[in-house]
Amino acid sequence: MAEGHYQVLARTWRPQAFDEVVGQQHITRTLQNAIENQRIGHAYLFIGSRGIGKTTTARILAKALNCLSSPGPTANPCGTCENCVSIAAGRNIDVLEIDGASNNSVDDVRQIRDNVRLVPSSSRYKIYVIDEVHQLSGSAFNALLKTLEEPPAHAVFILATTEAHKVPATIISRCQRYDFRRVGQDDICTLLRRILDQEQVTCSDEVLLAIARAADGGIRDAESILEQLISYCGQEITFKDVFEVLGLVDWAQLNALCDAMLDKDIATQLRIVEDIVATGKDLSQFVQDIIRYFRNLLVCKTAHTRIQELLALPGHELAAMQQRADRFALTRLIQLIEQFAELSKGFDSQLAQRIALETLLIRVSKVAVEVSIDTVLEKLVQLGAGGVGPVAAASPPAAEPARAGKSEGPPSPPKRAPAPHQAPAQSPEHESASAPFRATVTESNMREAWLRVTEEAGAENLNLGIWLGQAAPAGIENETILLEFTRDQQNARSYLERPENRAAVERILRTLTANLTGYRTLVNGNVPEAPRPARETQPRAAAAHVNPELARQALEDPHIAKVVDVFKGEIVDIKRHVKE
Ligand SMILES: [Zn+2]
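It should be emphasised that the depicted structure is a prediction, and the values quoted were computed from it without experimental measurement.

S.K.: Describe the overall build of the protein chain, with residues and values.
M.R.: Looking only at helices and strands, the protein chain features 29 helices and ten strands. A buried classification covers 50% of the 580 residues belonging to the protein chain. Across the protein chain, contacts joining residues at least 24 apart in sequence account for 73% of those joining residues at least 6 apart. With an accessible surface of roughly 27700 Å², the protein chain has 53% of that area assigned to carbon and sulfur atoms.

S.K.: Account for the sheet that holds strand β2 (residues 95–99), naming residues and giving values.
M.R.: Reading across the sheet, the five strands line up as β2-β3-β4-β1-β5 and stay open at both edges, with parallel pairing between neighbours. Where the open sheet ends on each side, the last strands, each with one partner, are β2 and β5 (176–179). Here the strands of the sheet are splayed against their neighbours by 15° on average, with no regard to which way each runs. Bridge count between strand β1 (residues 43–47) and strand β4 (residues 155–161): five bridges; the pairing is parallel. Each bridged residue has a counterpart across the sheet, and for I47 the counterpart in β4 is T161. Against the sheet, helix α5 (residues 106–117) contacts β2, β3 (126–131) and β4, and its axis sits at roughly 160° relative to β3. On the sheet, helix α6 (residues 138–149) packs against β1, β3 and β4 and is oriented at approximately 140° with respect to β4.

S.K.: So what's going on with the nonpolar core? Residues and values would help.
M.R.: It is characteristic of soluble globular proteins that their nonpolar side chains tend to be buried jointly. With 61 residues, the main nonpolar core has L196, L226, I237, F294, L297, F328 and F340 as its most contacted residues. Among the elements that line this core, the one with the most residues is helix α14 (residues 283–302), at ten residues. Domain assignment of the residues forming this core places at least three in each of domain 2 (185–245) and domain 3 (251–370). Leaving out residues up to four positions away in the same chain, L297 has contacts with C258, M321, R324, A325, F328 and L333. Core analysis: the next-biggest nonpolar cluster, separate from the first, contains 25 residues, I47, I98, V116 and A143 among them.

S.K.: So, the coordination of the zinc ion: which residues are in play, and what are the values?
M.R.: The protein atoms that coordinate the zinc ion are C67 (SG), C78 (SG), C81 (SG) and C84 (SG), at distances of 2.2 to 2.3 Å. For the zinc ion, the four donor atoms in the first shell make angles of 102 to 119° at the metal, a pattern classed as tetrahedral. We note that the donor set of the zinc ion lies within a single chain, spaced as C-x10-C-x2-C-x2-C. Take C81 and C84: they sit in the same class, and that class is buried.

S.K.: Explain the environment of T513 residue by residue, including any values.
M.R.: With respect to the secondary-structure elements, T513 resides in the loop between α26 (499–512) and β10 (518–523). Spatially, the C-alpha atoms of T513 and A439 are 5.4 Å apart, while their sequence positions differ by 74 residues. For T513, the side chain forms a polar contact with the main-chain nitrogen of L516, separated by 3.1 Å.

S.K.: Explain the pattern of salt bridges to me, using residue names and the numbers behind them.
M.R.: Under the defined criterion, the tally for this structure stands at 13 salt bridges. Notably, a salt bridge pairs D205 with R193, separated by 2.8 Å at the nearest N-O pair. Placement of D205 in helix α9 (residues 205–215) and of R193 in helix α8 (residues 185–199) is noted, with a sequence separation of twelve residues between them. We classify D205 as exposed; its relative accessible area is 58%. With a closest N to O distance of 3.5 Å, D263 and R327 form a salt bridge.

Procedures and definitions
Residues numbered from 1 in each chain as written. Predicted model: local features only at pLDDT ≥ 70, side-chain atom pairs only at ≥ 80, totals over all residues. Heavy atoms only, no water. Helix = DSSP H or I, 4+ residues; strand = E, 2+ residues; numbered from the N terminus. Buried < 20%, exposed > 50% of the residue type's maximum accessible area, 1.4 Å probe, protein only. Contact = heavy atoms within 4.5 Å. Areas by Shrake-Rupley, 256 points an atom, 1.4 Å probe, with all protein chains shown as cover. Pairing = 2+ DSSP bridges. Axes fitted to C-alpha atoms, helices over the stretch in contact; angles between N-to-C directions. Core = buried A, V, L, I, M, F, W, Y, C linked by side-chain atoms within 4.5 Å. Domains from an automatic or database assignment. Donors = N, O, S within 2.8 Å, 3.2 Å for Na, K, Ca; no water. Tetrahedral: all angles 85-135°; square planar, octahedral: opposite > 155°, others 65-115°. Polar contact = N/O pair within 3.5 Å; in protein donor to acceptor, adjacent residues only side chain to side chain. Salt bridge = Lys/Arg side-chain N within 4 Å of Asp/Glu carboxyl O.

Laid out in structure tokens, this is it:
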């Protein structure tokens, strides 16, 4: 049954006329015009990815050139004459379809050359369709070139390739070049709907959109997915069927995994993995599905229009996605995608590459407020500039967890190792104000609490998050948390002493914790420090003690200028670097 059905569909739906070719009007119209104006070329080059209509168009062109219904080539072949029928079936003796991949030797091409001299037996033209022409060997290309340089009047070559850059320029210059496009979702949906109507199969628009999405611009893929679905489902195709036939992990399972991650429910997460393995599904595929899933969340969070179109999801699924997306911080989503993409790197998938690209694009457009703290700190450490100092190497371990705070979880690409005391209790998601820490902070849980405060602050204001990240909680006094800085971290400390920053942090403390209302900064252990009070409360422009000439020179360094620019900072101190 399935086999038979497949045959019927394939035969019925291969376009037989130029007008039926979907999504390539720019090509079919040009070809039709050329034929009507009797400008027939001897060599055509069809370029484009697989399954988007190159061979189909080549056959229609062959029919147009050799159709017997008119005295010469016609833009509208009849489809019923002997030539049209035999060409459509691939058995016309004057139209030779050659697979360049398996006939790529110089002898193969010489055979074509000898053959091409012979006049066509029952047609106007002898037509050679060479598919995957880029696979020809170098000497085969040379032989082909000789034929293309002096083709017999009755010969037409249609060369098709998915990789035009591998075709020698000498060949390309002899051809009329046509670039086939990936087909738009709307066109694919329209085509699929036509097929379904003919087959009397019903399904929702969302199903069509999902198929078009999976086919990724390929007509042949879209049709073959549809064929599978029809033989699998019969007269009605549901959204769930699409998932099953495409071998995607059940949507509900991904939702459950996402919820478990949000709830930090590790047992459920492991059970889901167990289920995946137990049902014989491929884990690498599962990881791809997870990436796709988080990518959808990211789209929900960042795209403001056309979300439904971008995601191809039914309305109720979309609403549920939107809700989950709201629970993640943007930076966290990007980080998750990067971590899973890193995990799947060995799989060499196009999806992973695409996701990486999309994530980068989103990151770039949000960079002003949302760049990952880890990344920025790493950059700063590399630069060793801007007064942050050697935080990576020299600061005491206590300062480490705060900076690494956002990079726990699955095998993580950032090189920063998670600190020991953060792992289990630490929330994997930055959940914003939706889930305040709200605990009474004591010395036993102050590090965890401080991480949350840092994350929250970072989400609001990147600079604040970065500088807070350098503080090490050192104790609790009444409603105040003591924050320790090393002598190298004076800049972080003075930043946090600015009234506007203090106000912001104290507001976060009051929101996130049950008992803290303020903080006090210390330098190096218990020495209450006040060596530079004037500077600490000065507004940004001050830093008057800095030699303006030195500051000007410093700003000539592009790295320093960049840091000052990115962080809207100021130069508060300049030290001579002494080589050891
Ligand atoms: Zn015909």
